[in-house]
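# An overview of the molecular structure
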Amino acid sequence: MANPDVAKLESIAREGRVQIIRMLAHAGSGHPGGSLSVIDILTTLFFDRMRYDPKQPRWEDRDRFILSKGHCVPAQYFCMAKAGFFPMDRLITLRKLGSPLQGHPDRVALPGIEAATGSLGQGISVAAGMALGLKLSGKGARVYCVLGDGETQEGQVWESLMSAPKLGGPNHRLDNLCLILDYNGIQLDGFVKKILDLEPLTDKLKAFGWAVIEINGHDIAQIDKALDQAAATKGGPTFIVAHTIKGKGVSFMENDPEWHGKAPKPEEALRAIAEIAGTPAPAWVAPIVAEISAMVKS
Amino acid sequence: MVAKASRAAFGEALLELGARDERIVTLDADLSKSTMTMAFAKKYPERAFDLGIAESGMIGVAAGLALTGHVPFACSFACFLAGRFETIRVSVAYSESPVKLVGTHVGVAIGEDGYTQMGLEDVACLRSLPNIPIVQPADESETRQAVAYAVEHPGPIYLRLTRQNLEPVHDAAYRFRFGKADVLRPGHDVSILVTGGPVANAVAAAGRLAAEGIQAEVINVATIKPLDEETVLRSASRTGHVVTVEDHSINGGLGSAVAEMLGEIMPTPLKRIGVTTFGESGDLKGLYAKHGLDVDGIAGTVRKFLNR
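For sheets, the rule is that strands pair by backbone hydrogen bonds, running either parallel or antiparallel. Residues and elements named next belong to chain A. Spatially, five strands are ordered β1-β2-β3-β7-β6 in an open sheet, and the strand pairing comes out parallel. Of all the strands in the sheet, just β1 (64-67) and β6 (211-216) have a single pairing partner and so form its edges. Between one strand axis and the next, the sheet turns through 20 degrees on average, direction left out of account. Taken together, the six bridges between strand β3 (residues 177-183) and strand β7 (residues 238-243) define a ladder with parallel strand orientation. Residue pairing in the sheet places leucine 181 in a bridge with valine 241 of β7. Running at roughly 150 degrees to β3, helix α2 (residues 32-49) makes contact with β1, β2 (143-148), β3 and β7 of the sheet. Here helix α4 (residues 123-136) sits on the sheet in contact with β1, β2 and β3, set at roughly 170 degrees to β2.

Chain A puts 25 residues into the contact, and the matching count from chain B is 24 residues. Top contributing element to the side of chain A that touches chain B by residue count: α4(A), with ten residues. Considering only residue class, the side of chain A that touches chain B consists of eleven nonpolar, eleven polar and three charged.

Next up on the list: helix α13 (residues 295-305) of chain B. All names here are of chain B. Every buried residue of α13 is listed here: Ile298, Ala299 and Val302. Viewed along the axis of α13, the buried residues span an arc of 95 degrees, placing them on a single side of the element. Structurally, α13 contributes buried residues whose contacts are with β10 (190-195), α9 (199-211), β11 (216-220), β13 (242-249) and β14 (270-275). Positive phi appears at asparagine 307, one or two residues downstream of α13, with a value of about 55 degrees.

So, on to the environment of B:Pro137. Residues and elements named next belong to chain B. Along the chain, proline 137 falls in the loop between β6 (134-135) and α8 (140-152). Note on proline 137: 29 C-beta atoms within 10 Å, which makes it buried. With residues up to four places along the chain from it excluded, the contact list for proline 137 reads Ser6, Glu142, Thr143, Ala146 and Ala222.

Scoring rules and cut-offs
Residues numbered from 1 in each chain as written. Chains lettered and ligands numbered in written order. Predicted model: local features only at pLDDT ≥ 70, side-chain atom pairs only at ≥ 80, totals over all residues. Pairing = 2+ DSSP bridges. Helix = DSSP H or I, 4+ residues; strand = E, 2+ residues; numbered from the N terminus. Axes fitted to C-alpha atoms, helices over the stretch in contact; angles between N-to-C directions. Contact = placed C-beta atoms within 7 Å. Nonpolar A, V, L, I, M, F, W, Y, C, P; charged D, E, K, R; others polar. Buried ≥ 20, exposed ≤ 12 C-beta atoms within 10 Å, placed from the backbone. Arc of directions from axis to C-beta.

Structure representation (structure tokens):
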């Protein structure tokens, strides 16, 4: 959008960070680091960019969103609840028996999820297939897919990076496909650079035929501008390399591989929420703090 | 009807169905000459996609096409599809993407290319997924009807097709019914449950056994999953002896499905004929003889099983 309401989006992203911490504290397991690094991107997509109708999750002309790095789905669940796909109070059922909020996205259980992901490397191919399907049907909808940097080590990612810019032939080029890399530099076992470096990544992507944009993935104005550029790019798909900070917003989680896949204990959750909310904290924070404080006591 | 490979019948059926159903698209991984989608690709170039030798990506793209209202046939050798089990498991099965998976070149019957190209574990892999039916037609007529059915099937489905020609075992009046096994020859001494490549051999073996006074009931199990329990139980309860025949690993295929079902509902003496080793290069005739899938092998196993 030409003039995104940056302050509003930042406020939603802040709420998202608090809700991510809350969900994980309740679940007792999950992935805070990547959920916190991707939330600004998801907030911009869900509240500034994508066309969808939470009351008709299968509306044919909707833009599609696939979180290929499915382990960070708490960030998406927050956006979906905030957008009205389901009530906000369902967020704390994350990872509980019988909840549609599965530990990794389940398309069948939760309307609005476009594909099961989390077995890494697959979402990008499905997104390319959807972009192709929409083109073949003459639909103008767009497909957004968020990848992880560790995930980008998967062979299937490179299969689709190779094929997507050529898929569809001259009449159905996938300029409706936009990939976004949450480049936080950390994977489960440690730093991406040490385990299997992706660099020089933009050179590789350009060589494969992608239009590449590099941004700060926590700067909503930059995210918005990059999405504008992607939408204006004709003749092929776009790859946005979003540099992010794992655990962004919580000082003791930032850039620490330990917080890739560990839920905060209630005490840690309270510290995290206090940092994210700032002072004075918005009014909606108090009930969440009270709720988690009760967990500390029990 | 003449002998025809089920992959060839598939290619022809797809061409016909594609003319009246624009939702049909094909995906290949550099084997469209072998999977026989080449004719479709020539006629409908904008609806045929060769993803290169990249089967995982192909299956994922097929899932995306299926979830945007198209009817994608994702085709490769059966072993290469099953080898991308994880993508099938998550992007197709768990996501309920109505992809039509087509695995060709099944069994030791492909012969000279040897084990790495033989689909011998594909049924075992896909049978473990809750929502992917498995259909292996026995001849041209059944293949054409099974392909037409696959288009209409509301979810994902797997078609298992042969490289080699298949002798017709059905007459012109035959109507394929999804989930139903069909009795090709009635008998009361032993039930031979057979699927795919060896079906015609099983019928011939039954003819030979009849001359010796053994009345074998031959049942073509085209739908391996879900298994037609009713037909199998009806036959097994009459004959009291069941032999399964398949050009697939003896573990996890038709024989296993039958054993599991009978074991739970009506334990019945059972003999499974199938592949117990890796495959190898050789001619079809020699390989079928080696694995007991030819007429002699099937008849001999039945005799021994019945102590006759």
